[in-house]
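# Coordinates in review
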Amino acid sequence: MATGGEPWWKGAVIYQIYPRSFADSNGDGVGDLKGITARLDHVASLGVDGIWLSPFFQSPMRDFGYDVADHCAVDPLFGTIGDFDALLTRAHALGLKVIIDQVYSHTADTHRWFTASRADRSNEFADWYVWADAKPDGTPPNNWQSVFGGPAWTWDARRRQYYLHNFLSSQPDLNFHNPAVQAAQVDVARFWLDRGVDGFRLDAINFALHDAALTDNPALPPGVGPRTRPFDFQRHIHNLSQPGVVDFLESIAALARTYPGDRFTVAEVVGPRAEPEMQRYTEGEHRLSTAYGFNFLYAGRLDAALVTRTLDRWPGAPGEGWPSWAFSNHDAPRVASRWAADGDSDRMARLAMLLLLTLRGNVFLYQGEELGLPQGDVPFDRLRDPEAIANWPLTLGRDGARTPMPWAAASAFAGFSAVEPWLPIPDSHTVRAVDVAEADPDSILHLSRRLIALRHTRPALRSGRFAGLDLPAPLLGFDRGAGPERLRCLFNLGDTAIANPLPDGWRVVAAVNGDAGWATLSPLAGLVAAAQG
């Protein structure tokens, strides 16, 4: 349990593991479950509360596991169900909770449900996916576009109909208007809860339901937003974020509550209206534990307005849910590069770590973030991400955030594998390998451990109040409080030193990128101070 009798997950720090890129135990160049198990001591040493595992389920791997062919089977690339059980046992022995991805909105086109559904229009699974007739001229049923480019509809000659896919054409969307589909996915959740997992991240869950009338999406006004894909030209008010998603989420939450130990449920919410949906999915006592938004993940720059605007939307009103935040993950460019621009990525990595661990909400750390890894530079001929390949060079894609974890600088392939990995390991990562960081007491790794420990020992940071301070740019400041404890967090987000606005009567308890005495805040410096007396 967290401080004050709260559930363990409230204010927790969760470490995301991307299995393909964490540790390879069998020498095939791809990370696996046994590799993760062998490296869990490193994760536990950070002081985090748990791990989130990206998909390891049976899959044709066209979208690297987010195209699931069997929700209850481990893909042989990653090992066996026994390997997963061993990982779970070891994680629990180390005091780590285990959260796994659940991909409910769509499947792989090799899933047995889709194989049956596309066979004809009258079998048991015929209505398990979103099928629609062509328009009289043979074109798709409406104007919806897929995230990865092109129409969200593909013609299937077997059924003589189009099927919906919000992502790749090999990822057909399930029909959540069919109660049997929802029941089947609840059964999937039950399978993994019975196995002992501590919770779920529900991937892209606001894509799970569509407007049954298949109404065209309206166009965005000219000049709104970057437009590198057809998907970017529309307001997505009919192909995602439908009100009925909440009913399904309540059924998952109700199932989780029947298991002991405060099982954890987090929704990934995609799109421009994420905040209201995050709050809707988590409000009250009968919905999800928390929701995971993209406020920071795709932000091109860090400024005070971004932070205060985002956190002010979660004031802690009665019945309000609980947010979760991440600065990096497997889908977004690494924060050390994204916010550093042409500056010092190590200084930015330190500042970002301090900022993230002082925010109100849960914290998701992405593997390698504790090393300050910058975005990997992956040449075109080594790209694996279908989105990056299709949209090169305008969309750089996700491979640069998915390169393998560097464990040992002097070892072949940085200790990740005995053979060439599935993605290259940049030199900028090898020099920041775990063994190098362990040997340097001033490394970002040791800083991360200290800051995670600070969060755990300070109730104000883990689950306390948040109040933004009115400071001139480029300063960012906010107070955190719990009971009599009051902490002040200050950050210089600019490139010149600024006089420290910390008043008398405060004691610095944590800081990054600063000078002795703290008379000024250096560029990209930050501190946490405790009120005296």
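Preceding block: the structure.
We now turn to the structure provided with this report. (Residues numbered from 1 in each chain as written. Predicted model: local features only at pLDDT ≥ 70, side-chain atom pairs only at ≥ 80, totals over all residues. Heavy atoms only, no water.)

### Some words on the pattern of salt bridges
Counted only if it meets this: The rule for a salt bridge is simple: a side-chain nitrogen of Lys or Arg has to be within 4 Å of a carboxyl oxygen of Asp or Glu. For helices the rule is a DSSP run of H or I covering at least 4 residues; for strands it is a run of E covering at least 2, with both sets numbered from the N terminus onward. Each residue gets one of three labels from its accessible area relative to the maximum for its type: buried under 20%, exposed over 50%, partly exposed in between, using a 1.4 Å probe on protein chains only.
Enumeration over the complete set of coordinates arrives at 27 salt bridges. The salt bridge involving R118 is made with D156; its shortest N-O contact spans 2.6 Å. Residue R118 is found in the loop between α4 (112–117) and β6 (131–132), and its partner D156 is found in strand β7 (residues 153–156); the two are separated by 38 residues along the sequence. A residue is classified by how much of its surface remains accessible, and D156, at 1% relative accessible area, is buried. Note that D346 and R432 form a salt bridge whose closest N and O atoms lie 3.1 Å from each other. Placement of the pair is D346 in helix α10 (residues 345–356) and R432 in the loop between α13 (427–430) and α14 (434–438), with a sequence separation of 86 residues. Salt bridges sharing common partners tie together D63, D331, D385, R398 and R402.

### Remarks on helix α5 (residues 179–195)
The criterion, for reference: The span one expects for a helix is its residue count, reduced by one, times 1.5 Å. Whenever a nitrogen or oxygen atom comes within 3.5 Å of another N or O atom, the pair is scored as a polar contact, on the condition that within protein one atom can donate a hydrogen and the other can accept it, and that pairs from neighbouring residues in sequence are kept only if both atoms are in side chains.
Helix length check: α5, at 17 residues, gives a terminal C-alpha distance of 25 Å against a target of 24 Å (1.5 Å per residue), a fit within 8%. Looking only at α5, the buried set comprises V181, A184, Q185, V186, V188, A189, W192 and L193. The N-cap of α5, judged by a side-chain oxygen 2.9 Å from the amide nitrogen of A180 a few residues on, is N178. Just downstream of α5 lies G196, where phi reads positive at about 115°.

### Overview of the side chain of H42
Note that H42 resides in helix α2 (residues 40–45). For H42, a relative accessible area of 9% puts it in the buried group.

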